[in-house]
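Coordinates in review
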Number of protein chains: 2
Amino acid sequence: METMGTLRRTNMCGQLNKDHIGKEVVVMGWVQKRRSLGGLIFADVRDVTGLIQVVFDTDVNKEAFDKAESLRSEFVIAVRGEVLERQSKNPDMATGEIEVYAHELKILDTAETPPIYIKDNDDVSEQMRLKYRYLDLRKPSMQKNLLTRSKTSKVIRDFLYDNGFNEVETPFLAKPTPEGARDYLVPSRVNPGNFYALPQSPQLYKQLLMVSGMNRYYQIVRCFRDEDLRANRQPEFTQVDIEMSFVDVEDVIGINEKLIQKIFKEIKNVDITLPIRRMSYQEAMDKYGCDKPDLRFGFELENITDIFANSEFNAFKSTYDNGGKIKCVKIDGSADEFSKKGISKLEKFVKTYGAKGLAWFKYENNTFESPIAKFLTEEEINKLIERLEIKEKDVVFILADKESVVNTALGALRIEIAHDKNLIDNNKFELVWITEFPLFEYSEEEDRYVAKHHPFTAPVDEDIDKIESDPGAVRAKAYDIVINGDEIGGGSIRITNRTLQNRMFRALGFTDEEAQDKFGYLLEAFKYGVPPHGGIAYGLDRFMMLLTESDNIRDVIAFPKTQSASCLMTDSPSGVTDKQLKELEIEVTAE
Amino acid sequence: METMGTLRRTNMCGQLNKDHIGKEVVVMGWVQKRRSLGGLIFADVRDVTGLIQVVFDTDVNKEAFDKAESLRSEFVIAVRGEVLERQSKNPDMATGEIEVYAHELKILDTAETPPIYIKDNDDVSEQMRLKYRYLDLRKPSMQKNLLTRSKTSKVIRDFLYDNGFNEVETPFLAKPTPEGARDYLVPSRVNPGNFYALPQSPQLYKQLLMVSGMNRYYQIVRCFRDEDLRANRQPEFTQVDIEMSFVDVEDVIGINEKLIQKIFKEIKNVDITLPIRRMSYQEAMDKYGCDKPDLRFGFELENITDIFANSEFNAFKSTYDNGGKIKCVKIDGSADEFSKKGISKLEKFVKTYGAKGLAWFKYENNTFESPIAKFLTEEEINKLIERLEIKEKDVVFILADKESVVNTALGALRIEIAHDKNLIDNNKFELVWITEFPLFEYSEEEDRYVAKHHPFTAPVDEDIDKIESDPGAVRAKAYDIVINGDEIGGGSIRITNRTLQNRMFRALGFTDEEAQDKFGYLLEAFKYGVPPHGGIAYGLDRFMMLLTESDNIRDVIAFPKTQSASCLMTDSPSGVTDKQLKELEIEVTAE
């Protein structure tokens, strides 16, 4: 193997163009492929910017030609040569109009045949991709994702810094979180028997920075949750964390939508019109069955419960009597697209969300066609047709159940149908702020109210008096930014009054002692003058999936973990020595 | 307590100036102090930008005046008022030429008397400062440190991004490090009995990013070492981590000194002339006794061993015979500054570094004055005078011992004397690249050679053949940037050849199996085409100490840990529940 010696790269492969014709250049990179043709050797050389064709010709430089005969895919080479116009141009290649005639070749490293191909959409298993991540990351699409992520971070940092936000680093060896998800713990050697926790978010630190007068804070920071991993979740994830003082909801939303607009412009060249539309949590649940509606298509849920107040159809009647909801979605003019078989598949689909069945009707030739038609009165049918503005060939799917089941199942059904109808366009971006979330939600598991957002979220001023009397009705000064049905960020105005904070803790079922024990330092801090403040946190990984049009969260992270939280490349987590455990004064009880 | 209502801040306190005279403004912040004078109430209002004096006058607004009577230090207020020129200007205050006459006052929060004063150089204990960190961070000097840190990160990010470096995030839940300091471990719940480690640095990840073709990488990233903490060490610290492909030493140094120049210009308005001087490790050890010389003053060490080859002075003779070194420092024209008592203090000082004694002489009235004069021959004395270019009133301190002891003790003495003579100027910056470090150093403790930098550091090409035959003589392609005697950053060109990497591992005493076990994935990666690469990492905390002229590392970190790795504010690390331990399948054996 050779060294670069005095050769220094003059140009990146993908950035060469016709302006360089006649110039001497030095390029360095990996051999994508080599082939011989008409007594010449051709090698496509790849770097992070793209490919350039290099030609080895005995008449130009015999030594380089001879060396080039040994080239194989993924060899690392340095080439000095002259840029010439290509005889046969390659329109599929960005640099396809030119090529480099080699005057000098250095082979900087050889390569065995790689276990995965270095090309996009290779159908190798994800296991192999993760094990050989350093090869997987050679693929143009993966490099593009990482470069886009880097640029996105830069755009965010520039915008925030220019708007008076300061980057402050908060601890990773933090205090265990008393509320919320499961922490990753770190045993302390110096204080044996005690543990740090890796932060689930820098929430309390950023609030304390506001107490300290830091005014505007941001950080792009890793966060950790030891939860069982669903698809597109990672045990460590990156948050764009923002907090501001002397603000209310409008101020936080106002500056953040400018940030979002900037990101879309710089990264996607997409213009987002401000203000971004708003929708209350209640409206989102009513119309879309969830608090992160995908607005790229219609199919809004319609509440038709009242129509069946006196229904003779038992399923509807009993739902009505039990305080449940009957809701439907109308798919315009699509009667022909839904066969009995197709509908039966959809019924199975909604059942996975807990629905007991799926009612439907089609309207064709002015006829109401439905398996349940015989149970409905003419009045009910007419009301349906009128309320839903039914036209020829419309199809309507109806669910009757507990409100939560109806919303979840029908909300999912609407998306499923949009998928089937190819209405989900990844180049279209529909943004919406969801506001006025409930402050509390009831946890069946814990048999108490828990914080919907977190226990520091401020209630809407008019609702404060209901904290004790009607917690479920208290709205929060909380907001989520939802893009194409994904929650990309969320935040709130915080409680800054210790009396109110204590009322909140009590509503969550903490005794004053427990509150003191868990959040004592926050309550102490609240004694010494706290400014109004609030903020937001974006999930950068999800945002990057959206911006790179990736379906898999692992495609926007350089070294991700599997769904069992392992790294296949480094084979971690792994065992440690007895000495290490002894120093930490812990023992493993696992067998 | 009141809300802001519709009031919105128009200006930051410290940014008001004479241009605002006659304008209505709204400022918000904390009451620094309130006093009554001549029927008026004055309050200095503080935000992150500084102070502004607010005046409450019954004639201007009686309601505001009445409310203002209740103001106390650290109350949070919003004031709407008119900017007027001050009658009695305060030249000690940036906004001392103006004041705001209040038309409206809102008290956003009250405050109890804070347990520490919100002013710089308060002589409260550091314990109190750390417990009430959110109050300590209200101090102007602490806020300035955090703002300077934020700006420094921004300058670094801008420079690197503009030079083609991409920010790539690497894992925090990483693989335990086989070599180097002690890891912080994180038990895995999903894979019980196994552990992640928090990274000591992203070294292997950044090298694998180079293998993956990412070309230029950077990250400002937290790193972790579970070591017993010395002063100015923290268990978690921040590294500016950089790696580049297709480079040699000169390329890395070349771009990094431009980065350093930029930082000094933007943050300190100090011009650093390029190129930054270079010094080999050997020269630094010879002349300054250490590899991070403080070049703000002279007092270079001089090797005078040869003069005493035949000495009758037993201490020198035996040092010579045993292969030790005799070195000295000359303090020009300072004979009068060193009393017997002073010298005896310095002798005690060098003894703490293992020296057995401290010889010295003064040259006054053409006379060689020294307790050891009687043991030296006239020839020796003349040689000393000639070699050291001794002039009237010079003082010379001499140490004779093993080379390592002489270097350490005399190197420390030179700094101690510079301190005493007030030669250490924190506004002066002397930068130097230390190069050609030894590749290995011998570890008495482990009875083997260990990597001086890390096991992936490339040897200097000419020295490769000595890896097996004379490891101690192999120089590395490693470099440190040293500023004012502090190592601010260091890096190296990496080994990119698997044969050489294996020779390195063997030289470190690993069997091939051990190397495979510890670094298998790196060696595997090295099969598939590795570009020449190298990089550097800066210790951002130390850099910030330098840039903010702080003596204490905790003054440049928002929420630092104590020397026993605790956070006094949140009281962490702390105990966890049995349920948590059970889920992780570990037990605490500590009592």
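Everything numeric in this text was worked out from a predicted model, so none of it was measured.

**Observations regarding the packing of aromatic side chains**
The description of an aromatic ring pair uses the distance of the two centres, along with the angle that the planes make with each other. All names here are of chain B. Counted according to the given criterion, the structure contains 51 aromatic pairs over all chains. Note on Trp 433 and Tyr 479: the rings are 6.3 Å apart at their centroids and 85 degrees apart in plane angle, and the pair reads as edge-to-face. Taken as a pair, Trp 433 in strand E17 (residues 431–435) and Tyr 479 in strand E20 (residues 478–483) lie far apart in primary sequence, 46 residues in all. We classify Tyr 479 as buried; its relative accessible area is 0%.

**Quick word on the domain arrangement of chain A**
Taken domain by domain, chain A comprises domain 1 (13–109), domain 2 (143–279 + 431–578) and domain 3 (297–420). Between domain 1 of chain A and domain 2 of chain A, the C-alpha centre-to-centre distance is 49 Å.

**Focus on the relation of the copies chain B and chain A**
Each of the two chain copies can be brought onto the other by rotation about an axis and movement along it. Each copy superposes on the other: chain B lies on chain A with an RMSD of 0.1 Å after a rotation of 180 degrees and an axial shift of 0.0 Å. Overall, the copies show the geometry of a two-fold rotation axis. Mapped onto chain A, 100% of the interface residues of chain B are again interface residues, and the two copies thus contact each other with one and the same surface.

**Some points on the sheet that holds strand E12 (residues 301–303) of chain A**
All names here are of chain A. The strand order across the open sheet built from 5 strands is E12-E13-E16-E14-E15, with neighbouring strands paired in antiparallel fashion. Whereas interior strands pair on both sides, the edge strands pair on one side only; in this sheet they are E12 and strand E15 (367–369). Each neighbouring strand pair of the sheet contributes to a mean axis angle of 25 degrees, computed without reference to strand direction. Where helix H8 (residues 314–321) meets the sheet, its contacts fall on strand E13 (325–331), strand E14 (359–364) and strand E16 (395–401), and the angle it forms with E16 comes to roughly 50 degrees.

**Quick notes on the sheet that holds strand E22 (residues 533–539) of chain A**
The strands making up a sheet associate through hydrogen bonds between their backbones, and the pairing can be parallel or antiparallel. Residue and element names in this part refer to chain A. Taken in spatial order, the 8 strands of this open sheet run E6-E9-E10-E22-E21-E20-E17-E11, and their pairing is mixed. The open sheet has two edge strands with one neighbour each: strand E6 (166–167) and strand E11 (278–280). Alignment of E6 against strand E9 (residues 216–224), held across 2 bridges, turns out to be parallel. Considered in E9, the bridge of Glu 167 is made with Tyr 218. Most of the contacts of helix H5 (residues 203–211) go to strand E10 (residues 236–245), to which it runs at about 20 degrees, and overall it touches E9, E10 and E22.

**As for unusual backbone geometry**
Residue and element names in this part refer to chain A. Omega for the bond connecting Leu 274 with Pro 275 falls within 30 degrees of zero, at -5 degrees, which places this linkage in the cis form. Its identity is not glycine, yet Asn 215 carries a phi of approximately 70 degrees, on the positive side. Here Asn 215 lies in the loop between H5 and E9. A relative accessible area of 9% places Asn 215 in the buried class. One non-glycine residue, Glu 389, lies in the positive phi region at around 50 degrees. Note that Glu 389 resides in the loop between helix H10 (378–387) and E16.

**A few points about the pairing of strand E19 (residues 448–451) of chain A**
Side-chain direction in a regular strand flips from residue to residue, so the side chains alternate between the two faces of the sheet. All names here are of chain A. In the sheet, strand E18 (residues 440–443) pairs with E19 via 4 bridges, with the strands oriented antiparallel. In the sheet register, Glu 441 faces E19, and the bridge partner there is Val 450. In sequence, E18 turns back onto E19 through a hairpin of 4 residues, with Asp 447 there showing a positive phi of about 55 degrees.

**Things to note about the interface of chain B and chain A**
Contacts between the two partners involve 122 residues from chain B and, on the opposite side, 123 residues from chain A. Summing the contributions of chain B and of chain A, the shared interface buries around 10900 Å²; its carbon and sulfur component is 58%. Counting every contact that joins chain B to chain A gives 16 salt bridges. Of the charged contacts in the structure, one is a salt bridge between Lys 154 of chain A and Asp 158 of chain B, with a shortest N-O distance of 3.0 Å. At the boundary of chain B with chain A, the tally comes to 65 residue pairs in polar contact (both at pLDDT 80 or more). It is helix H4 (residues 140–162) of chain B that provides the largest number of residues to the side of chain B that touches chain A, a total of 11 residues. Here the side of chain B that touches chain A is built from residues that sort into 62 nonpolar, 29 polar and 31 charged. Of the strand pairs in this sheet, strand E23 (residues 586–588) of chain A and strand E23 (residues 586–588) of chain B are connected by 3 bridges, and their pairing is antiparallel.

**Side note on empty space enclosed by the protein**
Following the criterion strictly, the structure yields 7 cavities of 30 Å³ or more and no others. If you add up the space inside the largest cavity, you get close to 230 Å³. If you go around the largest cavity, you meet 18 residues; those closest to its centre are Phe 172, Ile 220 and Val 221 of chain A together with Ile 220 and Val 221 of chain B. Mapped by element, the contributors of at least two residues to the lining of the largest cavity are E9 of chain A together with strand E9 (216–224) of chain B. A breakdown of the residues in the lining of the largest cavity according to their chemical character gives 6 nonpolar, 4 polar and 8 charged.

**A short note on the environment of Ala 558 of chain A**
Assignment of secondary structure puts Ala 558 of chain A in the loop between helix H15 (540–548) and helix H16 (578–584). Taking the C-alpha atoms as reference points, Ala 558 of chain A and Ser 88 of chain A, 470 residues apart in sequence, are found 37 Å from one another. Every residue in contact with Ala 558 of chain A, bar those within four places of it in the chain, is listed here: Arg 133, Leu 137 and Leu 146 of chain A together with Val 168, Glu 169 and Leu 209 of chain B.

**As for helix H15 (residues 540–548) of chain B**
Residue and element names in this part refer to chain B. For H15, the buried fraction is high: 8 of the 9 residues fall into the buried class. All of the buried residues along H15 are Leu 540, Asp 541, Phe 543, Met 544, Met 545, Leu 546, Leu 547 and Thr 548. Positive backbone phi, at 55 degrees, marks Glu 549, one or two positions downstream of H15.

**Side note on the UniProt feature "binding site: ATP" (unreviewed entry) in chain A**
The UniProt feature table records "binding site: ATP" (unreviewed entry) at Arg 225, Asp 226, Glu 227, Gln 234, Glu 487, Gly 539, Leu 540, Asp 541 and Arg 542 of chain A. By the element assignment, Arg 225 of chain A lies in the loop between E9 and E10. Those residues in contact with Arg 225 of chain A that lie beyond four places of it in its chain are Ala 181, Arg 182, Tyr 184, Gln 200, Pro 235 and Phe 237 of chain A. As for its position among the elements, Asp 226 of chain A is in the loop between E9 and E10. For Asp 226 of chain A, the contacting residues outside a window of four places in its chain are Arg 182, Asp 183 and Tyr 184 of chain A together with Arg 189 and Leu 584 of chain B.

**Comments concerning helix H5 (residues 203–211) of chain B**
When you tally the buried positions in H5 of chain B, you get 9 out of 9 residues, the bulk of the element. Looking only at H5 of chain B, the buried set comprises Gln 203, Leu 204, Tyr 205, Lys 206, Gln 207, Leu 208, Leu 209, Met 210 and Val 211 of chain B. Considering only its buried residues, H5 of chain B is in contact with strand E1 (24–37) and helix H3 (133–136) of chain A together with E9, strand E10 (236–245), helix H14 (512–525) and strand E22 (533–539) of chain B. Following H5 of chain B by one or two positions, Gly 213 of chain B adopts a phi angle in the positive range, close to 85 degrees.

**Concerning the environment of Ile 424 of chain B**
Inspection of the secondary structure puts Ile 424 of chain B in the loop between helix H11 (403–420) and E17. Residues contacting Ile 424 of chain B, with those up to four places away along its chain left out, are Asp 294, Arg 296, Phe 297, Ile 415, Ala 418 and His 419 of chain B.

**Focus: the environment of Val 79 of chain A**
Residues and elements named next belong to chain A. Locating Val 79 in the fold gives a position in strand E4 (residues 76–85). Linking Val 79 and Thr 10, residues 69 residues apart in sequence, is a C-alpha distance of 10 Å. Excluding residues within four positions of it along the chain, Val 79 makes contact with Val 25, Val 26, Val 27, Val 54, Phe 56, Val 100, Ala 102, Glu 104 and Leu 105.

**Side note on the packing of H4 of chain B against helix H6 (residues 249–268) of chain B**
All names here are of chain B. It is the contact of H4 with H6, at a shortest axis distance of 10 Å, that shows an interaxial angle of 145 degrees. The hand of the H4/H6 crossing is right-handed. Contacts from Thr 148, Lys 151, Thr 152, Val 155, Ile 156, Phe 159 and Leu 160 in H4 reach Ile 255, Lys 258, Leu 259, Lys 262, Ile 263, Glu 266 and Ile 267 in H6. Of the residues contributing to the contact of H4 with H6, the split by class is 8 nonpolar, 2 polar and 4 charged.

**Comments concerning the pattern of salt bridges**
All names here are of chain B. For the structure on display, the rule yields 115 salt bridges over all chains. Close ionic contact of Glu 85 with Lys 89 constitutes a salt bridge, the shortest N to O distance being 3.2 Å. By relative accessible area, which is 38% here, Glu 85 ends up partly exposed. For Lys 89, a relative accessible area of 40% translates into the label partly exposed. Asp 271 is the salt-bridge partner of Lys 265, the closest N and O atoms lying 3.2 Å from each other. Overall, the relative accessible area of 61% leaves Asp 271 in the exposed class.

What counts and how
- Residues numbered from 1 in each chain as written.
- Chains lettered and ligands numbered in written order.
- Predicted model: local features only at pLDDT ≥ 70, side-chain atom pairs only at ≥ 80, totals over all residues.
- Heavy atoms only, no water.
- Phe/Tyr/Trp six-rings, centres within 6.5 Å; stacked < 30°, edge-to-face > 60°.
- Helix = DSSP H or I, 4+ residues; strand = E, 2+ residues; numbered from the N terminus.
- Buried < 20%, exposed > 50% of the residue type's maximum accessible area, 1.4 Å probe, protein only.
- Domains from an automatic or database assignment.
- Least-squares fit on C-alpha atoms with pLDDT ≥ 70 in both.
- Contact = heavy atoms within 4.5 Å.
- Pairing = 2+ DSSP bridges.
- Axes fitted to C-alpha atoms, helices over the stretch in contact; angles between N-to-C directions.
- Buried area = accessible area lost by both parts, 1.4 Å probe.
- Salt bridge = Lys/Arg side-chain N within 4 Å of Asp/Glu carboxyl O.
- Polar contact = N/O pair within 3.5 Å; in protein donor to acceptor, adjacent residues only side chain to side chain.
- Nonpolar A, V, L, I, M, F, W, Y, C, P; charged D, E, K, R; others polar.
- 1 Å grid on protein atoms, 1.4 Å probe; cavity = no way out; pocket = protein on both sides within 12 Å on 5 of 7 lines; lining within 4 Å.
- Points joined across faces, edges and corners; volume = space filled by probe spheres on them.
- UniProt positions renumbered as here; feature names shortened; annotations may be inferred.
- Left-handed = near helix turned anticlockwise from the far one by under 90°.

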